[in-house]
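Structure assessment
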Amino acid sequence: MYVAVKGGERAIDNAHAWLAEERRGDTSVAELSLAQIREQLKLAVNRVMAEGSLYDPDLAALAIKQSRGDLIEAIFLMRAYRTTLPRFGTSQPVETADMACDRRVSATFKDVPGGQVLGPTFDYTHRLLDFKLAAEGELPEAPSGTPRREPTPHVTSFLRGEDIIEDQPASDATPKDITREPMSFPADRTTRLQTLTRGDEGFILGMAYSTQRGYARNHAFVGELRIGSVAVEMDIPELGFAIEIGEVELTECETVNQFKGSKTEPPQFTRGYGLVFGQTERKAIAMALVDRALRWRELGEDDVGAAAQDEEFVLSHCDNIQATGFLEHIKLPHYVDFQSELELVRKLRREAEAARVAAQQAREAAE
Amino acid sequence: MSDYNFAYLDEQTKRMIRRAILKGLAIPGYQVPFASREMPMPYGWGTGGVQVSAAALTPDDTLKVIDQGADDTTNAVSIRKFFERTAGVATTEETEKASIIQTRHRIPEATLREDQIIVYQVPIPEPLRFLEPRETETRKMHALEEYGLMHVKLYEDISQHGSIATSYAYPVKVEGRYVMDPSPIPKFDNPKMEMAAIQLFGAGREQRIYAVPPYTKVVSLDFEDYPFEATKADHACDLCAAEDSYLDEVIMDDAGGRMFVCSDTDYCRARREAGHVGRLGSDAPLTTGPEAA
């Protein structure tokens, strides 16, 4: 019955108990360990870390387990935990040129200094279900080579040498922090990039795809896509120098975009940039395309009215925690508002009916 | 208590929120941007209200939480529990005894006092949002006091429907300056907004806080020939016979049977305890919780 919506504490407690039981599933099936999730569902862990804005594979694994595999719910758990953490400082910018790359490909050159490294990719797998995986089995060891020790220069730096790609001078300015300042528009690029990197993969993918299909097309080439680990360094005031405090795995994508020039800029290649926690290349490529589309103003391009060019539209709607919260809140009780709407609609109907009857009577009287 | 700071948020965050609240009180009806935090409940469940309450609470406060006017709706229970756990403050269902009232979609029927604060949960703080989706534009419109669009909307309602077709979240003008969204309260509650208590509004997802200081002029937008009208169901409460309270319509059976009861559960309870009896008589259940269902 309807009034049961006015459930009390007991209803909530019972719902939580049932949820816990459902989460565990059939107890005759072994329980998942966090290590299993972390090691064997790594790409899910990566997505949860990226969109949860918190690099911690163990906590991400816990969040995935707790959320029964609902990744947006897991991302939410990470975000809510993240806000409670103290901030004791800011790292140095990571140096992706020094990345220990597991994968590094360029679509713009056949070969590049540092080499093309396919790495652990699905790209050329045939998407046939592998029924051997359904049975437990030993895995043959993959061949290994000697890792490259020296830094791997960015492909865009070669184009820069020829002055044929836009310059992006390094800056020591402190970027805005979207978790500490409310969003305001127009947003600068640091704000946009931070928002995109934690934005929903599906949303960013859809936006990027729309640019490819002609809604603010900017013809992107993947200048470079690299995945690997970088050292995180932090200045320690007591020591007076920076020390390495850990490593994070990152995916970085730099697109090279055709650009015929504008009133303010000469013809040259332009750039889009994607940087995301973990091995998350679909997201990083999509982010780079959307970043490039959002840069129309600073490059003096036309606003063609495409969704992906509209920073207020993109940045206000790409966060899946905000989106899912607001979307799902409509299942909460709204009966007070609905009651007022009921009365309004009844009143409008009464008035419309009265007007109809009056008009009819007037017609009959005239005849 | 618990491992969390008093009322969950750290002191720096509370200070940031208090600054936004003070700014809001200084400029009644103006939406102050604030760096809303991710809370352990979803956006849309009252994260703005919860952050404002957390910043306003002191250990001596007594908190009341209502949703749809009721203390026993699931989300009100959940938020009350959250503050019991993280702030350890006293809670109450009695409007009289509360020093802070967090609400979703209603203003209590009892007149609020100077020593009380009411905190509204707000989904979309921008009253002009559905006329103009862009924040960059609406901020400009507020700055220039350019509210013609809203009046045109209300006028079009009248020309199409014969009356203003807004029944909740009915826009108000605060102290003759800012047009403000009163949050999705039924327009029945709008006249109560000129009150003795401090009114604070929190929109977490939209990162906005705004406020109405005590005794501030709050006028529901209307036209001289189509004056604002605070409406409710044309019945008395079937439990306590109140004729002045906002009513919920409850469907009783599948043959069109229905009852009307006070949406403010505490108001209804107090009246029945004082001996008022509605159409359904004194045998009617005293609660509408699951036990009663």
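Residues numbered from 1 in each chain as written. Chains lettered and ligands numbered in written order. Predicted model: local features only at pLDDT ≥ 70, side-chain atom pairs only at ≥ 80, totals over all residues.

The name an unreviewed UniProt entry assigns to chain B is Alpha-D-ribose 1-methylphosphonate 5-phosphate C-P lyase, from the organism Tritonibacter scottomollicae. The record held by UniProt for chain B lists under Function (unreviewed entry) the comment "Catalyzes the breakage of the C-P bond in alpha-D-ribose 1-methylphosphonate 5-phosphate (PRPn) forming alpha-D-ribose." In its Catalytic activity (unreviewed entry) section, the UniProt record describing chain B reads: "alpha-D-ribose 1-methylphosphonate 5-phosphate + AH2 + S-adenosyl-L-methionine = alpha-D-ribose 1,2-cyclic phosphate 5-phosphate + methane + 5'-deoxyadenosine + L-methionine + A + H(+)". (UniProt positions renumbered as here; feature names shortened; annotations may be inferred.)

In the nomenclature of an unreviewed UniProt entry, chain A corresponds to Alpha-D-ribose 1-methylphosphonate 5-triphosphate synthase subunit PhnI from the organism Tritonibacter scottomollicae.

1. Quick notes on the overall build of chain A
Along its length, chain A carries 12 helices and four strands. Seen through its C-alpha atoms, chain A measures out along the principal axes to roughly 95 × 65 × 55 Å. Buried residues in chain A amount to 31% of all 367 residues. (Helix = DSSP H or I, 4+ residues; strand = E, 2+ residues; numbered from the N terminus. Buried ≥ 20, exposed ≤ 12 C-beta atoms within 10 Å, placed from the backbone.)

2. Structural notes on the overall build of chain B
Counting secondary structure elements, chain B contains six helices and 12 strands. The globule rule puts the C-alpha radius of gyration for 293 residues at 19 Å, and the 20 Å found for chain B is close to it. The buried share of chain B, reckoned over its 293 residues, is 50%. Sequence-distant contacts, at least 24 apart, represent 62% of the contacts inside chain B between residues at least 6 apart. (Rg over C-alpha atoms; globule rule 2.2 N^0.38 Å. Contact = placed C-beta atoms within 7 Å.)

3. Here's the deal with the domain arrangement of chain B
Residues and elements named next belong to chain B. According to the domain assignment, chain B consists of domain 1 (11-216) and domain 2 (232-280). Once you take the C-alpha centre of each, domain 1 and domain 2 turn out to be 26 Å apart. In this complex, domain 1 contributes 14 residues to the contact, which on the side of domain 2 involves eight residues. Counted by class, the side of domain 1 that touches domain 2 contains five nonpolar, three polar and six charged residues. (Domains from an automatic or database assignment. Nonpolar A, V, L, I, M, F, W, Y, C, P; charged D, E, K, R; others polar.)

4. Observations regarding helix 7 (residues 189-197) of chain A
Of all the positions in helix 7 of chain A, only Thr191(A), Arg192(A), Leu193(A), Leu196(A) and Thr197(A) are classed as buried. The elements touched by buried residues of helix 7 of chain A are helix 3 (42-52), helix 8 (201-212), strand 4 (270-277), helix 9 (281-294) and helix 10 (311-317) of chain A.

5. Some details on the sheet that holds strand 6 (residues 172-174) of chain B
Picture the strands of a sheet paired through backbone hydrogen bonds; they go either parallel or antiparallel. Residue and element names in this part refer to chain B. Strand order in this open sheet of three strands is 7-6-10, and the pairing throughout is antiparallel. The outermost strands of the open sheet, each flanked by one partner alone, are strand 7 (178-180) and strand 10 (218-220). Between one strand axis and the next, the sheet turns through 30° on average, direction left out of account. Of the pairings in the sheet, the one linking strand 6 to strand 10 comprises three bridges and is antiparallel in character. Within the sheet, the bridge partner assigned to Val 172 lies in strand 10 and is Ser 220. (Pairing = 2+ DSSP bridges. Axes fitted to C-alpha atoms, helices over the stretch in contact; angles between N-to-C directions.)

6. Some thoughts on the pairing of strand 5 (residues 117-121) of chain B
In summary, the side chains of a regular strand alternate between the two faces of the sheet. Residues and elements named next belong to chain B. With five of five residues buried, strand 5 lies mostly within the body of the structure. Neither face of strand 5 is left uncovered, since the one carrying Ile 117, Val 119 and Gln 121 and the one carrying Ile 118 and Tyr 120 both have all their residues buried. Pairing of strand 4 (residues 100-104) with strand 5, which is carried by four bridges, proceeds in the parallel orientation. Along strand 5, the bridge assignment pairs Ile 101 with Ile 118. In this sheet, strand 8 (residues 198-203) lies alongside strand 5 in parallel orientation, the contact comprising five bridges.

7. Considering helix 6 (residues 265-273) of chain B
Three or more residues of helix 6 of chain B are buried, namely Thr265(B), Asp266(B), Tyr267(B), Cys268(B), Arg271(B) and Arg272(B). Packing partners of the buried residues in helix 6 of chain B comprise strand 12 (258-262) of chain B.

8. Observations concerning the confidence of the model for chain B
Residues and elements named next belong to chain B. Looking at chain B, the pLDDT average stands at 93 and 96% of residues meet or exceed 70. Below pLDDT 50 for its whole length, residues 288-293 participates in 16 contacts with residues either more than four positions away or in separate chains. Quick note on the complex model: pTM equals 0.90, ipTM equals 0.86. (pLDDT = per-residue confidence, 0-100.)

9. A few points about the interface of chain A and chain B
The interface of chain A with chain B comprises 41 residues on the first partner and 48 residues on the second. Elements that contribute at least two residues to the side of chain A that touches chain B include exactly helix 1 (9-24), helix 5 (71-82), helix 11 (320-328) and helix 12 (335-366) of chain A. In terms of residues, the side of chain A that touches chain B owes the most to one element, helix 12 of chain A, which gives 11 residues. Taken together, the residues of the side of chain A that touches chain B break down into 20 nonpolar, nine polar and 12 charged.

10. Notes on the nonpolar core
If you look at the biggest cluster of nonpolar residues, it comprises 57 residues, and the most contacted ones within it are Ile21(B), Val119(B) and Leu200(B). Sequence-distant contacts of Leu200(B), that is, excluding residues within four places in its chain, are made with Ile21(B), Val52(B), Ala56(B), Ile117(B), Val119(B) and Ala211(B). Membership of the second largest hydrophobic core comes to 51 residues, among which are Met49(A), Leu71(A), Phe277(A) and Ala284(A). (Core = buried A, V, L, I, M, F, W, Y, C linked by C-beta atoms within 7 Å.)

11. Topic: the pairing of strand 8 of chain B
All names here are of chain B. Most of strand 8 is tucked away: six of the six residues are buried. The side-chain alternation of strand 8 yields two buried faces, one formed by Ile 198, Leu 200 and Gly 202 and the other by Gln 199, Phe 201 and Ala 203. Relative to strand 9 (residues 208-212), strand 8 runs antiparallel, the two being bridged by five bridges. Residue pairing in the sheet places Ala 203 in a bridge with Arg 208 of strand 9. Where strand 8 folds back on strand 9, the antiparallel hairpin that results is connected by four residues, among which Gln 207 adopts a positive phi of roughly 55°.

12. Concerning the sheet that holds strand 1 (residues 100-105) of chain A
Residue and element names in this part refer to chain A. The strand order 1-2-3-4 describes an open sheet built from four strands, whose pairing is antiparallel. Strands with a single pairing partner mark the edges of an open sheet, and in this sheet they are strand 1 and strand 4. Taking the axes of each pair of neighbouring strands and ignoring which way they run, one obtains an average angle of 25° across the sheet.

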